[in-house]
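One-letter residues, chain by chain:
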Amino acid sequence: MTEIKVEKTASRGTAIAPAYIYREADLTPDTYPVEESKIQQEEAQFQEVKQAVMAELEQLSQENPIFAAHLAIADDYTLQEGVIGRIKSGKKNVQQAIAETVEEVAEIFGQMEDEYMRERKADVLDIGKRFLIKCKKITVQDLASISEPVIVAARDLFPSDTVKMNPQFVKGIITEEGGVTSHVSIMAKNYGIPALTGVTGILEKLQDGSTICMDAAEGRIVIEPEEGVLEEYKKRLQEELKEQEEIKKYRSMAALTPEGKRIFLCINVGNTDEIKLALDKNIDGVGLFRTEFLYMENTHFPTEEEQFAVYKEAAMLCPQEVTIRTLDIGGDKSLPYYEFEPEENPFLGWRAIRISLDMPDLFRTQLRAILRASAFGHIRIMFPMMISVEELVQAKEMVEKCKEELRKEQISFDDKIEMGMMMETPASVLLAEEFAKEADFFSIGTNDLTQYILAVDRGNKKIASRYDSFHPAVLKAIETIICAGQKYGRKVGMCGELAGDVKAVPKLLELGLDEFSMSAGNVDYVRRTIIG
Ligand code: PEP
Ligand code: MG
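Since the structure is predicted, the reported quantities are computational estimates derived from the model, not experimental observations. (Residues numbered from 1 in each chain as written. Chains lettered and ligands numbered in written order. Predicted model: local features only at pLDDT ≥ 70, side-chain atom pairs only at ≥ 80, totals over all residues. Heavy atoms only, no water.)

Caption draft 1: Quick look at the overall build of the chain. Of regular secondary structure, the chain possesses 21 helices and 15 strands. For 532 residues, the compact-globule formula gives about 24 Å, and the C-alpha radius of gyration of the chain, at 25 Å, lands near that figure. Here the C-alpha coordinates of the chain stretch approximately 85 × 70 × 40 Å along the principal axes. When each of the 532 residues of the chain is scored for burial, the buried share is 53%. The contacts of the chain with a sequence gap of at least 6 include a subset with a gap of at least 24, amounting to 66%. Averaging the locations of the 64 positively and 91 negatively charged side chains of the chain gives two centres separated by 4 Å. (Helix = DSSP H or I, 4+ residues; strand = E, 2+ residues; numbered from the N terminus. Rg over C-alpha atoms; globule rule 2.2 N^0.38 Å. Buried < 20%, exposed > 50% of the residue type's maximum accessible area, 1.4 Å probe, protein only. Contact = heavy atoms within 4.5 Å. Lys, Arg positive; Asp, Glu negative; His and termini not counted. Charge placed at Lys NZ, Arg CZ, Asp CG, Glu CD.)

Laid out in structure tokens, this is it:
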């Protein structure tokens, strides 16, 4: 039996299940030399691997037309010649030849004028991976195929991994990397999956199938527990399920404080499925729709039609209110089909509204889709990462331009759509009153606000204990924002993780917060705390 103590909870809850270790494939090409007599063998291996990849893509393209471009690229002459040439003249082994050629071809695509062709760079890289996986005979684990209860343990999990997981079978998540506000933590909370992140060395201690007990609220993990410990965890799990049932009694009640203030309880989501899952929780709306997931789980920038369909569905599912945040990419969130230039400080770099304002076509596509969907419910637009009033004015002007276009095209939208902003940078706090004159509403993003106020990276496990949203400086910032909002009659919400933390509720109520938006799994608990 091994016991591990973890300092911070990513998503609370108890779980008991066998370990499922998720290993990333190492696709570094092997470096074995190729003698003259072995050249043909390497060439033959390439042809064999190519056939296998083509067959795989053929199958995929029948299920999804997106893969048609992959097929054409995999069969392309340049790729073929590049690999064979490197094997024959460069005496490279097949893996090195593929890696080098793919890099070269990807670069060519990346430099193309045409935007569609430029985006094919990601397809080339994906094909390269498929070739190498086959060459190295690696079996890639597919999180989508998990069909028995497990606790997933991984070095790290990216949004593209977590979307594949079925919450019915994934009973818990443990990762070596990541912090409590990393996206794996947020996703785990949305689905009510117990999770612990930043657990250094866990993979070394585990084997596939090892029994794990975890109590994420306490930050405890036990590997191969003794009989008595296992019983204790089983009891705890039963109690938790009982509490979850009991707490449902509060669901039908309005979130009224003992003083009689009506608090709005909303959810944070990354897709419409998460809205569907939370509809029985008596919510007042979606306080944060993280649209970046729509971009991240795609092979291309989603088109206006694709986005419109999603936002419209959200508006119709949740007629009370859906707050759609414009693209918040960059920082720790990348796109598989767009290469961001490496940055020394990505969280201080080209992200969120900065990208939208610098890429007006991209911004316009999203705003048009949001506006069109606003005809089907109560949608609000929210801009992330604001540091100057000019940015807000510019973003609002862009919305007005899109409205004008839609009017000319005789397409309906909500002309009175509210435009608000995330309060998550120190600049937005210091300029809160100026912003309050321009923004229709505020939503405090404590995940970023904490990292920027304290200068503590939200994803760095080494300093996780310093990442503290209860720090007096962060609380002071929250107070400043709420006061400024109140002064100008703006509704002030919070959609950072702090809003879903029952320990923070009394303080946030005291400061006068109007709306709490959180992962769906926390709504019942926060409601009970508010009612008191
Ligand atoms: C935040 O920063 O608090 C927030 C809600 O946004 P995200 O976690 O997506 O950066
Ligand atoms: Mg943020």
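Continuing now.
Caption draft 2: Geometry of helix H14 (residues 360–373). The terminal C-alpha atoms of H14, which comprises 14 residues, lie 20 Å apart, in line with the 20 Å expected from a rise of 1.5 Å per residue. Counted residue by residue, H14 has 10 buried out of 14 residues, so it is predominantly covered. Along H14, the positions that sit buried rather than exposed are Leu 362, Phe 363, Gln 366, Leu 367, Arg 368, Ala 369, Ile 370, Leu 371, Arg 372 and Ala 373. Lining the buried residues of H14 we find helix H11 (292–296), helix H12 (304–317), strand E10 (322–325), helix H13 (353–358), strand E11 (379–383) and helix H15 (389–408). (Expected span 1.5 Å × (residues − 1).)

Caption draft 3: Looking closely at empty space enclosed by the protein. Counting across every chain of the model gives 3 cavities of 30 Å³ or more. Space inside the largest cavity adds up to approximately 80 Å³. Around the largest cavity, the lining comprises 14 residues; the ones closest to its centre are Arg 290, Arg 325, Asn 447, Asp 448 and Arg 458. Among the secondary structure elements, those contributing two or more residues to the lining of the largest cavity are strand E9 (286–290) and helix H18 (446–454). When grouped by side-chain class, the residues that make up the lining of the largest cavity number 3 nonpolar, 4 polar and 7 charged. (1 Å grid on protein atoms, 1.4 Å probe; cavity = no way out; pocket = protein on both sides within 12 Å on 5 of 7 lines; lining within 4 Å. Points joined across faces, edges and corners; volume = space filled by probe spheres on them. Nonpolar A, V, L, I, M, F, W, Y, C, P; charged D, E, K, R; others polar.)

Caption draft 4: Main features of the packing of helix H9 (residues 227–247) against helix H21 (residues 523–531). Remark: H9 packs on H21, axes separated minimally by 10 Å, with the N-to-C direction vectors making an angle of 60°. In terms of axis orientation, H9 runs oblique to H21. Handedness of the crossing formed by H9 with H21: left-handed. Facing H9, whose interface residues are Glu 243, Gln 244 and Ile 247, H21 presents Asp 524, Tyr 525 and Arg 528. (Axes fitted to C-alpha atoms, helices over the stretch in contact; angles between N-to-C directions. Parallel < 35°, antiparallel > 145°, perpendicular 65-115°, else oblique. Left-handed = near helix turned anticlockwise from the far one by under 90°.)

Caption draft 5: The sheet that holds strand E6 (residues 211–215), seen in detail. With mixed pairing, the 7 strands of this open sheet are ordered in space as E1-E7-E6-E2-E3-E4-E5. Both outer strands of the open sheet, strand E1 (2–5) and strand E5 (195–196), are each paired with one neighbouring strand and no more. With 5 bridges joining them, strand E2 (residues 14–22) and E6 adopt antiparallel strand pairing. Across the sheet, residue Pro 18 finds its bridge partner in E6, namely Thr 211. Against the sheet, H9 touches E2, E6 and strand E7 (220–223), its axis set at about 110° to E2. (Pairing = 2+ DSSP bridges.)

Caption draft 6: Summary view of the coordination of the magnesium ion (ligand 2). In this structure, Glu 424 (OE) and Asp 448 (OD) serve as the protein donors to the magnesium ion (ligand 2), at separations of 2.1 to 2.2 Å. Taken together, the residues span a long stretch of sequence, with Glu 424 in the loop between strand E12 (418–423) and helix H16 (426–430) and Asp 448 in helix H18 at a distance of 24 residues. Taken individually, Glu 424 and Asp 448 each receive the classification buried, so the pair is uniform in this respect. (Donors = N, O, S within 2.8 Å, 3.2 Å for Na, K, Ca; no water.)

Caption draft 7: Looking closely at the pairing of E11. Within E11, 5 of the 5 residues are buried, leaving the element largely enclosed by the surrounding structure. Every second residue of E11 is oriented toward a common face, with Ile 379, Ile 381 and Phe 383 on one face and Arg 380 and Met 382 on the other, all of them buried. As judged from the 4 bridges shared by E10 and E11, these two strands associate in the parallel manner. Residue pairing for E11: Val 322 is matched across the bridge by Ile 379. Relative to E12, E11 runs parallel, the two being bridged by 4 bridges.

Caption draft 8: The arrangement of the packing of aromatic side chains in detail. The final tally for this structure, using the stated rule, is 9 aromatic pairs. Both rings, one in Phe 46 and one in Phe 131, keep their centres 5.7 Å apart while their planes meet at 20°; by these two values the pair is stacked. Here Phe 46, found in helix H1 (residues 39–63), pairs with Phe 131, found in helix H5 (residues 115–135); they are 85 residues apart in sequence, far enough to count as distant. When its relative accessible area of 1% is taken as the criterion, Phe 46 is described as buried. Look at Tyr 338 and Phe 340: their rings are 5.2 Å apart centre to centre, the planes differ by 75°, and that puts the pair in the edge-to-face class. Linked through ring pairs, Tyr 295, Phe 301, Tyr 337, Tyr 338, Phe 340 and Trp 350 together constitute an aromatic cluster. Looking at Arg 12, its charged tip hangs above the ring of Tyr 525, at a distance of 4.1 Å from the centre. Between the NZ or CZ atom of Arg 262 and the centre of the ring of Phe 264, over which it lies, the distance is 5.1 Å. (Phe/Tyr/Trp six-rings, centres within 6.5 Å; stacked < 30°, edge-to-face > 60°. Lys NZ or Arg CZ within 6 Å of the ring centre and 35° of its normal.)

Caption draft 9: Main features of the environment of Glu 240. By the element assignment, Glu 240 lies in helix H9. Beyond its immediate sequence surroundings of up to four residues, Glu 240 is in contact with Gly 13 and Thr 14.

Caption draft 10: Spotlight on the pattern of salt bridges. By the definition in use, this model includes 50 salt bridges. The closest approach of N and O atoms between Glu 245 and Lys 248, which form a salt bridge, is 2.9 Å. Look at Glu 245 and you get partly exposed, because its relative accessible area is 49%. Among the residues examined, Lys 248 registers a relative accessible area of 36% and is labelled partly exposed. (Salt bridge = Lys/Arg side-chain N within 4 Å of Asp/Glu carboxyl O.)

Caption draft 11: A look at the environment of Ser 185. Mapping Ser 185 onto the fold places it in helix H7 (residues 183–190). Along the primary structure Ser 185 and Leu 509 are separated by 324 residues, whereas in three dimensions their C-alpha atoms are 25 Å apart.

Caption draft 12: Up close: the packing of helix H3 (residues 77–88) against helix H4 (residues 94–110). It is the contact of H3 with H4, at a shortest axis distance of 8 Å, that shows an interaxial angle of 135°. When the axis of H3 is compared with that of H4, the two are oblique. Once H3 is placed against H4, the crossing between them reads as right-handed. Counting all contacts with H3, which are made through Thr 78, Leu 79, Gly 82, Val 83, Arg 86 and Ile 87, the residues of H4 involved are Val 94, Ala 97, Ile 98, Glu 100, Thr 101, Val 102, Glu 104 and Val 105. Counted by class, the contact of H3 with H4 contains 8 nonpolar, 3 polar and 3 charged residues.

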